[in-house]
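Per-entry structural report
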Amino acid sequence: MRDIPPRYNPKDHEEPIYSKWEIERLFHTEIDRSKEPFTIVIPPPNITGILHMGHALNNTLQDILIRWKRMQGNASLWVPGTDHAGIATQNVVERSLKEKGITRQQMGREKFVEEVWKWREQYGNTIIRQLKRLGASCDWERTRFTMDKGLSEAVLEAFVQLYNKGLIYRGNYIINWCPRCQTALSDEEAPHQDVEGKLYYILYPFKVGEGLKPSPTKVQGIIVATTRPETMLGDVAVAVNPKDRRYKKLIGKKLILPIMGRKIEIIADGFVDKKFGTGAVKVTPSHDSDDFEIAKRHGLQPITVMGPDGKMNENAGRFNGMDRFEARKQIIAELEDKKLLVKIEKHDYAVGHCYRCHTVIEPYLSLQWFVKMKPLAEPAIEAVKSGRIKFYPKRWTKVYLNWMENIRDWCISRQIWWGHRLPVYYCQKCSETIVSKTRPEKCPVCKSADLKQDEDVLDTWFSSWLWPFSTLGWPEETGDLKYFYPTSVLVTAPEILFFWVAKMIMSGIEFRKDIPFRDVYIHGTVRDATGKKMSKSLGNIIDPLEIIDGFGADALRFSIVAITSAGQDVFLSKEKFEIGRNFANKIWNASRFVLMNIGPNPGASNPCPVPLWYGVEHRTQSLADKWILSRLNRTIDAVNKALKNYRFNEAESLVYDFFWHDFCDWYVEMVKPQILNQGAGVEGEGWRVKGILIHVLEDSLKLLHPFMPFVTEAIWQNMEPIRAQARSSLGGILSPSPLVSVAGECIKERPSIMTAPWPVADKHYVNKEIESNMEIVKDIIVNIRNIRSDMNIPYSRKIAAILVPLKQESESVLSDNAEYVKNLAQLDQLVIDKNLKKPKSSLSAVTENFNIFIPLEGVIDIEAEKARLAKKQDSLKQQLMFTDKRLKDKNFMDHAPENVVK
């Protein structure tokens, strides 16, 4: 056996191992009709992105699944790729140009798009390289980009199909508008954030001559409450609830719009909330979505008072050209001056912000392209209600259905240059609108060749919603599409449930007549140790690459999964990655010990170093042998069930507990005497134990591999010499047993653990009685060790123990396995006698099956120990008196925190 370095250093292994995997094309998957396909499509990261902890968690979970299914024998395909991220990428390139004193308008559209493509070539694959450092086993040969030729063809096909079905239309509607990016945004792209705002109460005077009796005490008008007084310049009415008794007599009366002097009418609409503000609301259809609907119902024409840059326009009168927030200040000042500002109240409310630049968005009346969503949503709702698509955790089902059942049309046009340009052309002669995948030669109506393409591009998500099938070749009917679609599971974050997940379900059913995936696993959000979401602006991010450099990729992967309960948020601190680093070292050290002590047996007639354990009659195995095999097979079964239900941290915890505690802490320690007995013959006890050790180690590494791919591969490579010798000398050492049939498979040449078969649980070896008997033995050892620790008896000092059995069957178990207790508890004498009484000067412990006595005379200085305990007792009495005194102190009780008092 070759020497194995005493320490595991991730930097020595990770890059060479990953290169080997890539060179040998172990991630690549082809159509194989003899195998069941298992497909995952990666949530494509933006080309502007760099690896963050959310990516690390998301991709680790996907990699666990794909490695597990690959080892189970599925044709496992993990499709990678990146998203062109229209707004984000354009912003990045524009900032870069600004530093050179250039604007995109100066460059022109064609040159600017060329510049973005150059940027993408230089920086767009950064995150792909970083995912490789994480250990992601994607089929990189199939990497796609949302603007590559095939996916661009899919976008055009989808647009044309939906337009021809009447599901895409153009219209003037209120949309979310970002004044900074100067583009429309979908509702999901304008997340609401709570802000400290104000509610302004403004008097709208009655028009003179409305027949109202003048009063010196009453306000002559209606008071309206608003959070955005700058938009009042575009008011077309004031609305009240028709059931509001305060205003019934005023409906139909005329008001004078403050500052603008325009006459507007008081109208009745059931949408108005009588309890908000004064119960009277201003109607500004160009700048509020609810007001837009009210105006449509009453036939009122919108007035737009703001431009796309967030500055007031010519309809705003003397405020023309002023920034919206500056205009707000000026308008408030003028209202105060005219005695029309009644009061201002503090009012916290939620305001939409651009998801890219975080600018406060404006509800804005604009001519845009939309997709009718309700017809697409209906079958997507049914797919989830019927159980064809399942959400994990289940609670997300309700969230999905609630959003889908209240879905609004999707604004898909964006006023930027980077992205898929709309396949829409306008005849400059007759104004005909033509939708075509290719540029028409002439107008089909008037035959004019003077055609102009729409300037807008499609929302980035319009390409992403096709991702599960466009990446497999759609709209072509490729072999990959027929074999790998629908995909198996989508692993994603909650924030893109509506952005992306719901839209993919709709598009899959619409364009493929089938669901895009069967399961959706939604993991939690990564937060810092205090519960705050990680972000650059807060300065609380943890860089995954920094963790990989310091702890290793396996440590990052293991630690982040270990603290991730199903669907719950993840609370991270750098210290938590020590969990994974420590476990990686444990795996390495335990494996090294086993491998360094399992070498060729020079005294045996057969040179095979590993007479496979399953070739030994089961009855010849010891309690420890039978127990570890029972625990192994039980663990295999439990891990499979946990992974099948996406309980990742449960699966990882099961393997961790088995390897660290069952295998290392107990089995290896119990069989060390046999391991180190190199003189035993090939049929002897020592070699039987070694066979079991190597088998359990192999299966443990396989179970660990999806979670910690690098350290398991590094150890696997060190195991290969043993496996090679076993293959060459398998010969006649196998005797009949339930597992002989798989013996040949188990020792096939496996250049990588990735291609090794996943362990299969054999219930023949699961034995509750054996496990119960081992617990009896372990319980005794633990109790004796505890007594040693309490009495400060060095582990090197051998002691005696007396055990009085409380159950007859327990006595039999211990009698057969007394050597385990003697070896692991460091005993030179072990007495088992049910008639013995407690010896003089001894300490005792009681278990369910035994009374345990440890004679201390001659082992410790009893008088000195009495003195130590008496001193400790005095100290505790002093503490108790002090505590009692404080609890009687009224001043302390009145001011101390509740938890301190408790």
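Presented here is a report on the structure given in the accompanying data block. These numbers were taken from a predicted model, which means no experiment stands behind them.

1. What about the sheet that holds strand β6 (residues 183-185)?
Across a sheet, strands are paired by hydrogen bonds formed along the backbone, either parallel or antiparallel in direction. Read from one edge to the other, the open sheet built from four strands follows the order β6-β5-β14-β16, with strand pairing classed as antiparallel. The open sheet has two edge strands, β6 and β16 (410-411), and neither has a second partner. Taken together, the three bridges between strand β5 (residues 168-178) and β6 define a ladder with antiparallel strand orientation. Looking across to β6, one finds that C178 is bridged to T183.

2. What about helix α9 (residues 324-337)?
Along its 14 residues, α9 runs 20 Å from first to last C-alpha, staying within 8% of the 20 Å computed at 1.5 Å per residue. Residues of α9 that are buried: R324, A327, R328, I331, I332, E334 and L335. One face of α9 carries all of its buried residues, which in axial projection span an arc of 165°. Across α9 from its buried face, at more than 90 degrees, point the exposed residues K329 and D337. Those residues of α9 hidden inside the fold are in contact with β7 (192-205), β13 (341-352) and β14 (362-371). Of the residues that open α9, the one with a side-chain oxygen 3.0 Å from the backbone nitrogen of F325 is D323. Once α9 finishes, K339 follows within two positions and takes phi at roughly 60°, a positive value.

3. Some points on unusual backbone geometry
For the bond from Y392 to P393, the omega torsion is -10°, close enough to zero to count as cis. Relative to the helices and strands, P393 is located in the loop between β15 (390-392) and α11 (396-405). For the peptide bond that leads from Y485 to P486, omega is 0°, which places it in the cis range. Here P486 is to be found in the loop between α14 (479-484) and β22 (487-492).

4. Quick notes on the packing of helix α2 (residues 53-71) against helix α17 (residues 553-562)
Here α2 crosses α17 at 95°, and the two axes come no closer than 10 Å. Looking at the two axes, α2 sits roughly perpendicular to α17. Taken together, the residues of α17 that come into contact with α2 (itself represented by M53, A56, L57, T60, L61, D63, I64 and R67) are L556, R557, I560 and V561. When grouped by side-chain class, the residues that make up the contact of α2 with α17 number eight nonpolar, one polar and three charged.

5. Quick look at the pattern of salt bridges
Taken as a whole and assessed by the stated rule, the structure comprises 44 salt bridges. A salt bridge links R414 to D459; the shortest N-O distance between them is 3.3 Å. In this pair, R414 is assigned in strand β17 (residues 413-414) and D459 in the loop between β21 (457-458) and α12 (461-464), connecting sequence segments 45 residues apart. Each of R631, R634, D662 and E771 takes part in one network of salt bridges that share partners.

Here is what the cut-offs are and how they apply
Residues numbered from 1 in each chain as written. Predicted model: local features only at pLDDT ≥ 70, side-chain atom pairs only at ≥ 80, totals over all residues. Heavy atoms only, no water. Pairing = 2+ DSSP bridges. Helix = DSSP H or I, 4+ residues; strand = E, 2+ residues; numbered from the N terminus. Expected span 1.5 Å × (residues − 1). Buried < 20%, exposed > 50% of the residue type's maximum accessible area, 1.4 Å probe, protein only. Arc of directions from axis to C-beta. Contact = heavy atoms within 4.5 Å. Polar contact = N/O pair within 3.5 Å; in protein donor to acceptor, adjacent residues only side chain to side chain. Axes fitted to C-alpha atoms, helices over the stretch in contact; angles between N-to-C directions. Parallel < 35°, antiparallel > 145°, perpendicular 65-115°, else oblique. Nonpolar A, V, L, I, M, F, W, Y, C, P; charged D, E, K, R; others polar. Salt bridge = Lys/Arg side-chain N within 4 Å of Asp/Glu carboxyl O.

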